[in-house]
Amino acid sequence: DEFPERITAAVSDYIYTVRLEAGGPVETWQGPGCVAVTGYASADFAADPDLWIRMVDAADRDAVRAQARRVQAGGDTSPLEYRITRKDGAKRWVRNTPVLHRDREGRVLSHDGLIEDVTERRLAEDALRGRTAQLETVRAIGEEITRELDLQALLALIELHDAQAVMSMLTH
């Protein structure tokens, strides 16, 4: 049955699990959907334990490492969005949402995570920010034109007033 493969091919998200011992990772598993998001297969991640961090854009690595430390320590599990470079060289935005698993004493045993490809949303947000900036520029130009037209109307009124004053002096 090819149903699981069709579903995996259609999904742009994947799950992963990190098993911890003594507060550090000892085993990591990437779900089969990782190919759709990263271009790398689960076996690629299994063969190269540092692949996950090398894929992260250099500008985002510190934030990603900090998130990993917080999660492994049982702290903040807020989602984090960051850039990766896929196996084919394409740049993508992903959102990592970790979920902790604790033992009865509260120690973190492992964490699962959902990696979502949020590239399209980020591109739409960037386009919206750009459009908003354009509209703000048009609004500012409109205000300047209005001020300029008001100034011209004022000058015309002054000229008209001066002309009326001159006529008044001539008739008196």
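Here goes a summary of the coordinates provided. (Residues numbered from 1 in each chain as written. Predicted model: local features only at pLDDT ≥ 70, side-chain atom pairs only at ≥ 80, totals over all residues. Heavy atoms only, no water.)

Quick look at the overall build of the chain now. The number of helices and strands found in the chain is six helices and five strands. In the chain, the succession of helices and strands from N to C terminus is α-β-β-α-α-α-α-β-β-β-α. Expressed as a percentage of contacts within the chain between residues at least 6 apart in sequence, the contacts between residues at least 24 apart total 44%. For the chain, the computed accessible surface area is about 11600 Å², with 59% contributed by carbon and sulfur atoms. (Helix = DSSP H or I, 4+ residues; strand = E, 2+ residues; numbered from the N terminus. Contact = heavy atoms within 4.5 Å. Areas by Shrake-Rupley, 256 points an atom, 1.4 Å probe, with all protein chains shown as cover.)

What follows is about the sheet that holds strand E1 (residues 13–21). Sheet architecture is open: five strands sit in the order E2-E1-E5-E4-E3, paired in antiparallel fashion. In this open sheet, the two edge strands, each paired with only one partner strand, are strand E2 (24–30) and strand E3 (80–85). Taken over all neighbouring pairs, the strand axes of this sheet differ in orientation by 30° on average, direction set aside. Here E3 pairs with strand E4 (residues 91–102) via six bridges, running antiparallel. Paired with Glu 81 across the two strands is Arg 95, which belongs to E4. (Pairing = 2+ DSSP bridges. Axes fitted to C-alpha atoms, helices over the stretch in contact; angles between N-to-C directions.)

The next point concerns the packing of aromatic side chains. Here the structure, examined in full by the defined rule, presents one aromatic pair. For the pair Tyr 40 and Phe 45, a centre-to-centre distance of 6.0 Å together with 70° between the ring planes defines the contact as edge-to-face. Its relative accessible area of 17% is what places Tyr 40 among the buried residues. Take Phe 45: its relative accessible area is 9%, and that puts it in the buried class. (Phe/Tyr/Trp six-rings, centres within 6.5 Å; stacked < 30°, edge-to-face > 60°. Buried < 20%, exposed > 50% of the residue type's maximum accessible area, 1.4 Å probe, protein only.)

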